[in-house]
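What follows is each chain in one-letter form.
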Amino acid sequence: MHLTARLAAAILVTTASALHSPFKVPTTEVLAPALIPRQTSNCINSATTRTCWDGVRDIHTDYYTDFPLTGNVREYWLSVENSTFAPDGYKRTMLTFNGTFPGPTLYADWGDTVRIHIKNNMEYNGTSIHWHGIRQLDTNEQDGANGVTQCPIAPGYSLTYEWNATQYGTTWYHSHFSVQYSEGVAGAIVINGPASANYDVDLGPIILDDWYHSTAFSLLQALGTSGPPATQNGLINGTNVFDCSTSTDANCVGGGKRFVTEFEAGKKYLLRFINMATDTFFKVSLDNHNMTVISTDFVPIIPYKTEFLSIGIGQRYEVIIEANQATDNYWLRATVQTACSATNANALNIKGIVRYSGATSTDPTTSTRKITESCADELKDTLVPVVVKDVPSTDLRVSQNVDVTLTVADNIILWTLNGISGLIDWSSPTLLKVANGQTYPESYHVLNIDGTNAWYYLVIETSLGITHPIHLHGHDFYLIAQETGTFNASSLTANWSNPPRRDVAMLPGNGFIVLAFEADNPGVWLMHCHIAWHVSGGFSLQFLEREADLLSEFSTAGAFSDTCAAWNSYVASGIDPPQEDSGLKKRLHKDF
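Model, not experiment: these values are computed from the prediction.

Draft legend 1. Seen up close, the sheet that holds strand 26 (residues 468-472). Read from one edge of the open sheet, 5 strands run 24-32-31-26-29, paired in mixed fashion. Every interior strand has two partners, whereas the edge strands, strand 24 (446-449) and strand 29 (504-507), have only one. Pairwise comparison of adjacent strand axes, ignoring direction, gives a mean angle of 20° for this sheet. Of the pairings in the sheet, the one linking strand 24 to strand 32 (residues 540-545) comprises 4 bridges and is parallel in character. Bridge assignment links N448 to a residue of strand 32, and that residue is L544.

What follows is the structure, given as structure tokens:
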């Protein structure tokens, strides 16, 4: 198998018009910014004043430059360990946090310090934990990308991560070692803060996931010859049903359950959707109800209404749903978009139940509304940030073309960007090389960025009909353009005026995205496709941002060097199998 694609990259230092998308979803009633008034001082967050927060800051506060420092420390202890569960009625070995799936939800308030102690209680695997979407301002070494910002945590060892909650909203945490998060090593994070619309009850995270009955490690072994593996099911908050009635498989034990939550008529509910899938793009909907979208990733937006929501891997959306229907049971549906997702044997049965108070405990009989199949993000014109931030326009014709080739060699799928397939050495992470003044090999694929608060622009284009969720660590990026077709800087209709901001965006198949971000966070930051199989195959690059400033605030002493020393000792023992892929996702001979 040999496929080719093209990724055009513009990395420019520089000091507007509406962007039109070919994709359509049924959205209505985008509220004007004037409908989110600035509150008076001393306004405190409540069910009727969600735009307020602490009497000083509110939904209009620029959280990139002005965030509270509460002095409160939220402390958690998590153990990564081997488990056996049957989330949908099919029993299999898993890797979990504290023996639960999904892992415990971590809560904090805007401005808190979050301290998490991670103990690796697995027998064979190393691990590192990434706090997805957390900016990590001045805490680059806490980002949790092994081979980039740290060495892996060896079995039997611990590492404490600590970072400041400078943003607010919904996100998740997951292993960045191998395909561990596909085995269950993932959980939600909720950082309480203001919201751009009022609600009565926060229902918390609603986690969407695809689910394999074989371990992801074993599936990865055959990836090069058989292509992306099919999934057997999908889960909502870690549970669903699977039909074992005619199965002779001893592991098909049955007993799966639907996710159920309850509405009280007349109330408005906040739901925090997170896509934690390995290889699935979902559209989520609640029968007979519309939803009001108020946040994308960590960015509060002007509310808009929709019948269903498109959500790619790694993305988060906060929505408000009003309980304004008859007392009954309603299907909450996570519909697989087959054009950009792994084949799923249970694709139309990934459902939960919203039960109104007083309704009988029976399955719903409600019908799904028509949902158009597509792998497009929500319309850019609807994702309008509340905090207005413009991007300096630039001539995007000054660009560097980077070839991306997808090949299979020795049963390993490789993605290459400009001829480079990402490959790192866990024992020598990029941050350590920078601190020691060492050069890094070409396979690390590091792009240097200098210039305090300079603007950088990246044009990513593919001629393959494969959609990719592109995730950047350490930053929200500005989405200047996102279209199908061939990128042409001379005829591009770009949006420089308060474009959408987020940390994951879909690169359309046979299309392109134009991203911008400001060099306001010194560090080594990874950028990669969030399909686990793709980053495993090298679909990644790194930005070394403001090296001199990074070195002035980072030291290898303490936990950083201790973790590397423990890992190197573990590797010297000969227990761990050799590395066979990118290192950001590792294929093992020993499953667990």
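Draft legend 2. Inspection of the side chain of T51 at higher detail. By the secondary structure assignment, T51 is in the loop between strand 2 (27-28) and strand 3 (73-85). What T51 contacts, discounting residues up to four positions off in sequence, is I36, Q39, D58, I59, P194, A195 and S196.

Draft legend 3. Seen up close, unusual backbone geometry. P102 follows F101 through a cis peptide bond whose omega is -10°. Position of P102 among the secondary structure elements: in the loop between strand 4 (92-97) and strand 5 (103-109). Unusually for a residue other than glycine, Q136 sits at a positive phi of about 55°. Here Q136 shows up in the loop between strand 7 (129-131) and strand 8 (158-164). With a phi close to 70°, N288 is a non-glycine residue in the positive phi region. Summarising the element assignment, N288 is placed in the loop between strand 15 (282-286) and strand 16 (291-296). Classification of N288 as partly exposed rests on a relative accessible area of 41%.

Draft legend 4. Here's a closer look at the packing of aromatic side chains. Taken as a whole, this structure holds 23 aromatic pairs when the rule is applied. Ring geometry for F101 and W211: centres 5.1 Å apart, planes at 35°, overall tilted. Here the residue F101 occupies a position in the loop between strand 4 and strand 5, and W211 occupies one in strand 11 (residues 201-211), the gap between them amounting to 110 residues. Of the two residues, F101 and W211, both sit in the buried class. Here the aromatic residues F97, W131, Y161, W163 and Y173 are joined through ring pairs into a cluster of three or more. Over the ring of F298 we find R316, and its NZ or CZ is 5.3 Å from the ring centre. When the ring centre of W331 is taken as origin, the NZ or CZ atom of K351, which lies over that ring, is 4.0 Å away.

Cut-offs and rules
- Along each chain, residues carry numbers from 1 onward, in the same order as the chain's sequence is written.
- pLDDT decides what is reported in this predicted model: residues at 70 or higher carry local features, side-chain atom pairs at 80 or more are listed and counted, and totals for whole chains, interfaces and linings draw on all residues regardless.
- In computing side-chain properties, one takes all heavy atoms of the structure into account and sets aside hydrogens as well as water.
- Here, a strand pair is defined by DSSP locating no fewer than two bridges between the strands.
- Only runs of H or I of at least four residues qualify as helices and only runs of E of at least two qualify as strands under DSSP, and these elements are numbered from the N terminus.
- Fitted lines through C-alpha atoms give the axes, limited to the stretch in contact for helices. The angle between two N-to-C directions lies from 0 to 180 degrees.
- When checking whether two residues touch, look at their non-hydrogen atoms; a contact exists if any pair is within 4.5 Å.
- Exposure classes here rest on a 1.4 Å probe applied to the protein chains alone. A residue is buried below 20% of its type maximum, exposed above 50%, and partly exposed in between.
- Here a pair means two rings of Phe, Tyr or Trp (six-membered ring of Trp) with centres within 6.5 Å. Their orientation is stacked below 30 degrees between planes, edge-to-face above 60, and tilted elsewhere.
- Working rule: Lys NZ or Arg CZ, within 6 Å of ring centre, within 35 degrees of ring normal, means a charge sits over the ring.

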